[in-house]
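Take a look at the letters that make up each chain.
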Amino acid sequence: MASVPTAAIIGAGSSGIAAAKALHERGVPFACFEASDRVGGNWVFGNRNGMSAAYRQLHINTSRERMEFSDFPMPRTYPDYPHHAQIAAYFDAYVDHFGFRDRIRFETRVEHARRLERGGWELTLDDGSAERFDALLVANGHHWDPRWPEPMFPGHESFAGEQLHAHAYRDNDIFAGRDVVILGMGNSAMDIGVEASYVARRTFLAARRGAWIIPKYMFGRPVDQLPQDPRIPFRIRQRVIHTLIRLHVGDPTRYGLPKPDHRFGEAHPTVSGRILDRIQHGAITPKPNIRRLDGEHVEFDDGTREHVDVVVYCTGYKISFPFFDDDLVSAPDNRIELFRRVFHPEMEDVFFVALVQPLGAIMPIAEVQGQWIADYLKGEYALPPRPALLEDIEHELTAMRRRYVASKRHTIQVDFDDYLHAVEKERRAGAERARRQGFRLPVAPHLAEVSV
Ligand SMILES: Cc1cc2nc3c(=O)[nH]c(=O)nc-3n(C[C@H](O)[C@H](O)[C@H](O)COP(=O)(O)OP(=O)(O)OC[C@H]3O[C@@H](n4cnc5c(N)ncnc54)[C@H](O)[C@@H]3O)c2cc1C
Ligand SMILES: NC(=O)c1ccc[n+]([C@@H]2O[C@H](COP(=O)([O-])OP(=O)(O)OC[C@H]3O[C@@H](n4cnc5c(N)ncnc54)[C@H](OP(=O)(O)O)[C@@H]3O)[C@@H](O)[C@H]2O)c1
């Protein structure tokens, strides 16, 4: 009988490989299943898994030094905000550097994950075969299942123009000489709006809510590298950053954009170094929300009406787990209750990697979560007693609801530095609990050895 449980990881995007590296280093036997022929997920332009949202000109919007893994810096020849091809190459190099490529089963999609009666998981793969593991790490990404406007706007079925979701957007040649509406105020809308504005006849940016648009640089440094000490109460940090943005960017209504109905830090950050310029140059015209589509026209909430050839819905994504039965694990309206965004309250042997939407980059968070899961699988971390765990989940959800604008995009928010700090603290507390319990394994190793 093995002395450590076996594990399966679903996905070898940046989160899956971060978790895989942690298990590899800590001697947890695992297999990582990846639908594509390569690692990198979203960052592989034209990924053959059909799940990547990357467009030709995509650059990261979290800076290189915030995004890189702690023990594998990005090449210093990279710019502050590298292109997607550089990011994909970086993830590829990470796997080779730490030597676990042979643990990844490429071109192998997990079709179904079934929980066994005595615990453990049976995975059905796309070749029809099934394999069993003691534990399951879910790293299938949460930016690949498009969320269209709900409900869709009246007239969308008979609209004469083209309608697409940001997820399907690849290159701005589709906008050449056309009248374009970009809907949304998130980062997809910013990037795609800017790209459209260089080639389209007219570009409209429609939004149902305003946003504080953060530039990529402040005081000559990438904006996410400004000091963020988690020991300073959030409200004080918020006040400082809010003031800085107001001073730096000014009032969004001066650009014709809607007045934000919230303060900075109460919505997922919208980062763009270029959108305000393009608006000021007259290349993008702000509009309120779409009211309806009407033949070759779009009518907006202020009653204005424009001829439109293309509408791009930059309306976000759904959290989806197609391989779980809905009654086992699902995220209706993007809601899913987990302890510190990782541990399932009802099942001790399933974990979620990078199911967070940070004010900051996802990768270092996935890295720490992977190490934390490895601690747990090896019996070196014990969860808090159940009442405390449930109370913690409730507390987190209440705090998120209180702080953030009510929207399906704000259900898994974390502050980068605060989250990392809190996880470190919790890992220490759980290590002490594990010691007191005699380093008992919470997931019994009783299923077959891993074969790759
Ligand atoms: C346009 C865009 C830009 C972004 N920019 C940034 C940024 O600058 N900084 C940042 O931190 N985040 C950014 N994000 C967020 C993005 O989610 C992360 O950058 C990152 O891709 C998350 O990695 P992941 O591994 O969790 O998911 P993904 O990159 O989506 O990878 C998931 C992997 O799982 C595999 N998979 C899924 N289902 C299965 C299955 N059933 N069986 C086998 N394999 C499966 C997929 O093939 C894929 O390789 C951006 C998102 C978008 C859409
Ligand atoms: N360059 C980059 O690095 C880059 C580029 C693109 C995306 N990303 C990342 O990818 C993730 C997804 O970003 P995203 O911009 O695609 O999605 P998002 O952040 O979820 O933003 C969706 C936007 O659509 C609006 N919206 C949703 N439903 C609507 C409706 N029915 N009518 C009108 N407006 C509606 C939302 O408004 P409400 O706020 O009112 O809900 C919001 O403004 C984020 O993590 C983002 O940072 C990064």
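Structural data are supplied above this passage.
All of these numbers come straight from a predicted model, not from anything done at the bench.

Novice: Before we go on, may I ask you to explain the packing of helix α1 (residues 14-25) against helix α7 (residues 363-377) in this structure?
Specialist: Packed helices, taken two at a time, are described by their axes: the angle between them and the distance between them. As a packed pair, α1 and α7 sit with axes 8 Å apart at the nearest point and diverge in direction by 35°. As α1 runs across α7, the sense of the crossing is right-handed. Contacts from S14, S15, A18, A19, A22 and L23 in α1 reach M363, A366, E367, G370, Q371, A374 and L377 in α7. Of the residues belonging to the contact of α1 with α7, the class tally is eight nonpolar, four polar and one charged.

Novice: What should I look at first to understand the packing of α1 against helix α3 (residues 84-98) in this one?
Specialist: Viewed as axis vectors pointing N to C, α1 and α3 meet at an angle of 10°, and their least axial separation amounts to 11 Å. Classified by the angle between their axes, α1 and α3 sit roughly parallel to one another. Mapping the contact onto sequence places S14, I17, A18, K21, H24 and E25 in α1 and F91, Y94, V95 and F98 in α3. Here the contact of α1 with α3 is built from residues that sort into six nonpolar, two polar and two charged.

Novice: Explain the site of ligand 2 here, please?
Specialist: Close contacts around ligand 2 come from 27 residues, with N187, S188, R209, Q357 and S407 the closest. Between ligand 2 and R209, the relevant distance is 2.8 Å, taken from an oxygen atom to a side-chain nitrogen or oxygen of the residue. For ligand 2, the accessible surface in isolation is 930 Å², of which the surrounding protein chains cover 89%. By residue number, the principal contributor to the shell around ligand 2 is helix α4 (residues 187-197), which donates three residues.

Novice: Help me understand the site of ligand 1, please; the structure alone is not making it clear to me.
Specialist: Close to ligand 1 lie 28 residues; S15, E34, N49, T62 and H143 are nearest. At 2.9 Å from a nitrogen atom of ligand 1 is found a main-chain nitrogen or oxygen belonging to V110. Burial of ligand 1 by the protein amounts to 93% of the accessible area it has alone, namely 990 Å². Here the residues of the shell around ligand 1 are counted per class, giving 13 nonpolar, 13 polar and two charged.

Novice: What is the right way to look at the environment of H84 in this model?
Specialist: Within the fold, H84 resides in helix α3. A distance of 3.3 Å separates a polar atom in the side chain of H84 from the backbone oxygen of Y55. Reaching out from H84, the side chain makes a polar contact with the side chain of H83 at a distance of 3.3 Å.

Novice: Would you explain a positive patch on the surface in this entry?
Specialist: A contiguous patch of positive charge on the surface is contributed by R239, R246, K259 and R263. Along the chain, R246 turns up in helix α5 (residues 234-249). Owing to a relative accessible area of 38%, R246 belongs among the partly exposed residues under this scheme.

Novice: Explanation requested: the pattern of salt bridges in the structure shown.
Specialist: For side chains bearing opposite charge, pairing can occur when the charged atoms are close. Applying the stated criterion to the full structure yields 45 salt bridges. When the shortest N-O distance is used, the salt bridge between D171 and R56 registers 2.6 Å. With D171 in the loop between β9 (162-165) and β10 (179-183) and R56 in the loop between β2 (30-33) and α2 (64-67), this pair connects stretches of sequence that are 115 residues apart. Note on R56: relative accessible area 40%, which makes it partly exposed. One network of salt bridges, with partners in common, ties together R291, R292, D294, E299, D301 and R305.

Novice: Got a minute to help me understand the pairing of β2 in this structure?
Specialist: Looking along a regular strand, one sees side chains alternate from face to face of the sheet. Burial along β2 is two-sided: F30 and C32 facing one way and A31 and F33 facing the other are all buried. Direction of pairing for strand β1 (residues 7-10) relative to β2: parallel, over a ladder of four bridges. Directly across from A7, in β2, lies its bridge partner F30.

Novice: In this structure, what is going on with the sheet that holds β2? I would like to understand it.
Specialist: Strand pairs in the sheet, formed through backbone hydrogen bonds, run parallel or antiparallel to each other. Pairing in this open sheet of five strands is parallel, and the strands run β3-β2-β1-β7-β22 from one edge to the other. Among the strands making up the open sheet, the edge pair consists of β3 (104-105) and β22 (350-352). Note: strand β7 (residues 135-138) against β22, three bridges, orientation parallel. Note on β22: the bridge partner recorded for L136 is V350. Here α1 sits on the sheet in contact with β1, β2, β3 and β7, set at roughly 160° to β1.

The rules behind the values
- Residues numbered from 1 in each chain as written.
- Chains lettered and ligands numbered in written order.
- Predicted model: local features only at pLDDT ≥ 70, side-chain atom pairs only at ≥ 80, totals over all residues.
- Heavy atoms only, no water.
- Axes fitted to C-alpha atoms, helices over the stretch in contact; angles between N-to-C directions.
- Helix = DSSP H or I, 4+ residues; strand = E, 2+ residues; numbered from the N terminus.
- Left-handed = near helix turned anticlockwise from the far one by under 90°.
- Contact = heavy atoms within 4.5 Å.
- Nonpolar A, V, L, I, M, F, W, Y, C, P; charged D, E, K, R; others polar.
- Parallel < 35°, antiparallel > 145°, perpendicular 65-115°, else oblique.
- Near = heavy atom within 4 Å.
- Polar contact = N/O pair within 3.5 Å; in protein donor to acceptor, adjacent residues only side chain to side chain.
- Areas by Shrake-Rupley, 256 points an atom, 1.4 Å probe, with all protein chains shown as cover.
- Patch = residues over 30% accessible without salt bridge, like charges linked within 9 Å, V, L, I, M, F, W, Y side chains within 5 Å.
- Salt bridge = Lys/Arg side-chain N within 4 Å of Asp/Glu carboxyl O.
- Lys, Arg positive; Asp, Glu negative; His and termini not counted.
- Charge placed at Lys NZ, Arg CZ, Asp CG, Glu CD.
- Buried < 20%, exposed > 50% of the residue type's maximum accessible area, 1.4 Å probe, protein only.
- Pairing = 2+ DSSP bridges.

As far as function goes, none of this settles anything; it's purely spatial.
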